[in-house]
Number of protein chains: 2
Amino acid sequence: MDIQPPYDATLASVAARRAIRAGGLRVPTAGLAPGFVQANLCILPAADAQEFLLFCQRNPRPCPLLACSDPGDPRLPALGADLDIRTDIPRYRIWRDGALTEEVDTLHAHWRDDLVAFLLGCSFSFEEALLAAGVPIRHIEQGCNVPMYRTTIATAPAGRFAGPMVVSMRPMRPAEAIRAVQVTSRFPAVHGAPVHLGDPAAIGIADLARPDYGDPVEIRAGEMPVFWACGVTPQSVIASAKPEFCITHAPGCMLITDLRNTSLAAL
Amino acid sequence: MDIQPPYDATLASVAARRAIRAGGLRVPTAGLAPGFVQANLCILPAADAQEFLLFCQRNPRPCPLLACSDPGDPRLPALGADLDIRTDIPRYRIWRDGALTEEVDTLHAHWRDDLVAFLLGCSFSFEEALLAAGVPIRHIEQGCNVPMYRTTIATAPAGRFAGPMVVSMRPMRPAEAIRAVQVTSRFPAVHGAPVHLGDPAAIGIADLARPDYGDPVEIRAGEMPVFWACGVTPQSVIASAKPEFCITHAPGCMLITDLRNTSLAAL
């Protein structure tokens with residue numbers, strides 16, 4: 001099935017996807033096509049997709065679903081007219097029965113007629129809004145990945161998909177935390193408002209210096225940790241569910257869409 | 001100068017003001033005319049009013065100005081067509097050179113052609129919105145006044161009017177605090193979002209159990225203090241400035257306006 005014109009080839013997002021598709025950009029996508037929404041990818045066979053779709057519907061904070069393909073169709077017209085999910089991400093991971101089996105550059109050898117692609121909002125969008133509002137973000141300052149933690153906050157299960165919520169953490173001064181609640185509340189399609197702030201133990205986090213994913217960041221005097229529902233939650237839930245086949249993006253290698261971050265603002 | 005019809009005599013706010021004007025309601029106004037905006041009163045001579053207006057403009061969080069009268073005019077048509085500021089508040093306080101000299105039921109004996117009335121938003125409006133959103137408010141549960149504290153947060157001075165911000169405090173669980181930021185952010189005309197949450201010492205509060213105004217409230221395990229700019233700030237600033245003459249409402253005896261709380265929502 002071929003991708004059809006017309007589409008706006010002048011968009012930075014289109015240019016970035018074409019460069020990725022041509023094989024020239026096998027790199028993490030942070031900083032590419034600024035202002036455009038980037039998305040987490042999860043691909044499941046149709047047999048599992050129904051339950052996972054229900055899981056996303058029941059857990060919109062950690063699983064903000066931007067688009068879901070038709071079975072076997074690699075296109076996602078809601079996210080870009082010329083988009084092909086088999087080629088437009090720099091690097092993919094292939095999982096079998098819950099175990100990572102390989103990393104690949106395209107999905108041509110793995111595509112099946114029953115595969116359904118889920119694209120989930122990611123925190124890049126709200127971080128852009130935070131920076132624009134003058135709220136500093138520590139892991140960006142430190143040039144590392146955001147620290148992420150498994151919590152005691154339960155997700156709402158859907159069949160085999162169940163498990164604890166994973167959160168990302170950004171340390172802030174209290175006035176910045178208040179501003180961050182305001183700014184990120186405008187973006188429910190990309191995790192929305194924080195789920196917690198203050199005492200990490202209240203959500204089952206024993207040691208902020210030892211994140212379960214990502215890198216630890218400095219927490220300065222007078223700062224409090226602020227926690228958002230994280231897109232690693234669905235990855236963690238899928239890993240536990242051990243579907244026979246699954247494809248995800250490689251860490252940091254997101255799908256660049258034609259949606260603008262500003263278009264996701266609820267108001 | 002007489003108050004002119006027409007006005008909507010069917011409003012609960014009009015009925016409450018008429019009862020107060022007739023002398024039948026010399027009581028605190030909390031709970032009267034639910035849904036209508038209540039306001040703090042400060043009356044100053046025109047010579048001081050100019051500077052105080054500037055102070056309000058520079059400090060909208062503690063001094064959210066809903067209306068300001070013309071000199072000598074006891075009417076406030078923006079807040080109610082039949083409103084007379086000399087009679088429509090249950091009890092007034094008269095201050096001379098910064099000292100409280102008497103409490104009175106009407107201002108007929110004190111009114112002057114150079115007096116300017118300032119009406120400032122009060123937290124009753126956003127507390128109604130918090131309760132409607134399911135966020136419990138401890139001092140309402142306990143049936144006492146909200147605890148208020150002088151802080152080390154400086155206000156922006158205007159001439160003689162200067163001094164520290166006074167804040168009110170409501171203890172909440174973190175998820176409630178996040179919801180409270182969202183809900184109160186919609187109401188910039190009545191103090192808006194919190195100015196601080198968490199560590200009281202960060203804003204110069206040594207002991208939450210000993211408020212500077214109001215009553216202490218219980219803070220339960222897992223709760224954090226959440227602080228809003230408070231309408232006691234202008235009263236405190238005026239007391240320091242010691243104007244030759246000033247009139248305020250007696251504590252808890254507010255002006256009931258015809259504005260609906262919902263009309264103050266910014267979005």
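All figures in this text were calculated on a predicted structure; none of them were measured in a lab. (Residues numbered from 1 in each chain as written. Chains lettered and ligands numbered in written order. Predicted model: local features only at pLDDT ≥ 70, side-chain atom pairs only at ≥ 80, totals over all residues. Heavy atoms only, no water.)

(A) Structural view of the relation of the copies chain B and chain A. You can overlay chain B on chain A at an RMSD of 0.0 Å; the transform is a turn of 180 degrees with a shift of 0.0 Å along its axis. Within this description, the copies of the chain are treated as partners about a two-fold rotation axis. Within chain B, glutamine 182 of chain B has its C-alpha nearest the rotation axis, a separation of 3.1 Å. Interface overlap between copies: 100% of the residues of chain B at the interface are likewise at the interface in chain A, consistent with a symmetric, same-surface contact. (Least-squares fit on C-alpha atoms with pLDDT ≥ 70 in both. Contact = heavy atoms within 4.5 Å.)

(B) Region of the structure containing the sheet that holds strand β8 (residues 196–197) of chain A. All names here are of chain A. Spatial strand order, β6-β7-β9-β8: four strands in an open sheet with antiparallel pairing. In this open sheet, the two strands that pair with only one neighbour each are β6 (148–154) and β8. In this structure, strand β7 (residues 164–172) lies alongside strand β9 (residues 224–229), joined through six bridges in antiparallel fashion. In the strand pairing of β9, serine 168 is matched with tryptophan 228. (Pairing = 2+ DSSP bridges. Helix = DSSP H or I, 4+ residues; strand = E, 2+ residues; numbered from the N terminus.)

(C) Highlighting the pattern of salt bridges. Applying the stated criterion to the full structure yields 41 salt bridges over all chains. Two residues, aspartate 82 of chain A and arginine 21 of chain A, come together in a salt bridge whose shortest N-O distance is 3.2 Å. Of this pair, aspartate 82 of chain A sits in the loop between β2 (65–68) and β3 (92–96) while arginine 21 of chain A sits in helix α1 (residues 12–21), and the two are 61 residues apart along the sequence. Taking relative accessible area as the criterion, arginine 21 of chain A reaches 31% and is therefore assigned partly exposed. For arginine 138 of chain B, the salt bridge is made with glutamate 223 of chain B, and the minimal N-O distance between the two is 2.6 Å. One end of the pair, arginine 138 of chain B, is in helix α4 (residues 138–141); the other, glutamate 223 of chain B, is in the loop between β8 (196–197) and β9 (224–229), with 85 residues separating them in the sequence. Each of the two residues, arginine 138 of chain B as well as glutamate 223 of chain B, counts as buried. Several salt bridges share partner residues, and in doing so they unite Arg17, Arg21, Asp82, Asp88 and Asp258 of chain A into one network. (Salt bridge = Lys/Arg side-chain N within 4 Å of Asp/Glu carboxyl O. Buried < 20%, exposed > 50% of the residue type's maximum accessible area, 1.4 Å probe, protein only.)

(D) Layout of the packing of aromatic side chains. Inspection of the entire model under this criterion finds eight aromatic pairs over all chains. For the pair phenylalanine 52 of chain B and phenylalanine 55 of chain B, a centre-to-centre distance of 6.3 Å together with 20 degrees between the ring planes defines the contact as stacked. Of this pair, phenylalanine 52 of chain B and phenylalanine 55 of chain B both sit in helix α2 (residues 46–58), three residues apart, roughly one helical turn. For the residue pair phenylalanine 52 of chain B and phenylalanine 55 of chain B, the accessibility class agrees, reading buried in each case. In textbook terms, an aromatic cluster arises when at least three aromatic residues are bridged by ring pairs, as seen for Phe52, Phe55, Phe118 and Phe161 of chain A. Its guanidinium or amino end placed over the ring of phenylalanine 161 of chain A, arginine 160 of chain A lies 6.0 Å from that ring's centre, counting from NZ or CZ. (Phe/Tyr/Trp six-rings, centres within 6.5 Å; stacked < 30°, edge-to-face > 60°. Lys NZ or Arg CZ within 6 Å of the ring centre and 35° of its normal.)

(E) Structural view of the sheet that holds β9 of chain B. Ordered in space as β6-β7-β9-β8 (chain B), the four strands form an open sheet in which the pairing is antiparallel. For this open sheet the edge positions go to β6 (148–154) and β8 of chain B, each flanked by a neighbour on one side alone.

(F) Looking closely at the confidence of the model for chain A. Residue and element names in this part refer to chain A. Considering every residue of chain A, the mean pLDDT works out to 93; 97% of them sit at 70 or more. Every residue in residues 1–5 scores below 50 in pLDDT, and together they form 12 contacts with partners more than four places removed in sequence or on other chains. Among the scores for the predicted complex, ipTM is 0.82 and pTM is 0.87. (pLDDT = per-residue confidence, 0-100.)

(G) Broad picture of unusual backbone geometry. Residue and element names in this part refer to chain A. Even without glycine at this site, alanine 33 takes up a positive phi of about 50 degrees. Its place among the elements puts alanine 33 in the loop between α1 and β1 (36–45). If you check the backbone angles, aspartate 97 has positive phi at about 50 degrees while not being a glycine. Relative to the elements of secondary structure, aspartate 97 occurs in the loop between β3 and β4 (99–104).

(H) View of helix α2 (residues 46–58) of chain A. Residue and element names in this part refer to chain A. Taking 1.5 Å per residue as the helical rise, α2 with its 13 residues ought to reach 18 Å, and the 19 Å between its terminal C-alpha atoms agrees with that figure. Those residues of α2 that fall on the buried side of the exposure criterion are Asp48, Ala49, Phe52, Phe55 and Cys56. Down the axis of α2, the buried side of the element spans an arc of 120 degrees, and every buried residue falls inside it. Exposed and facing more than 90 degrees away from the buried side of α2 are Ala47, Gln50 and Gln57. On its buried face, α2 is in contact with β1, β2, β5 (115–121) and α6 (232–241). (Expected span 1.5 Å × (residues − 1). Arc of directions from axis to C-beta.)

(I) Structural detail: the state of the cysteines. Per the stated rule, a full pass over the model turns up zero disulfides over all chains. Just so you know, cysteine 42 of chain B is unpaired, no disulfide at all, and the nearest cysteine sulfur is the one on cysteine 246 of chain B, 4.1 Å from it. (Disulfide = S-S within 2.5 Å.)

(J) Structural context of α1 of chain A. Residue and element names in this part refer to chain A. Taken together, the buried positions of α1 are occupied by Ser13, Val14, Ala16, Arg17 and Ile20. Viewed along the axis of α1, the buried residues span an arc of 165 degrees, placing them on a single side of the element. Tucked inside the fold, the buried residues of α1 contact β1 and β11 (255–260). A positive phi of about 90 degrees marks glycine 23, the residue just after α1.

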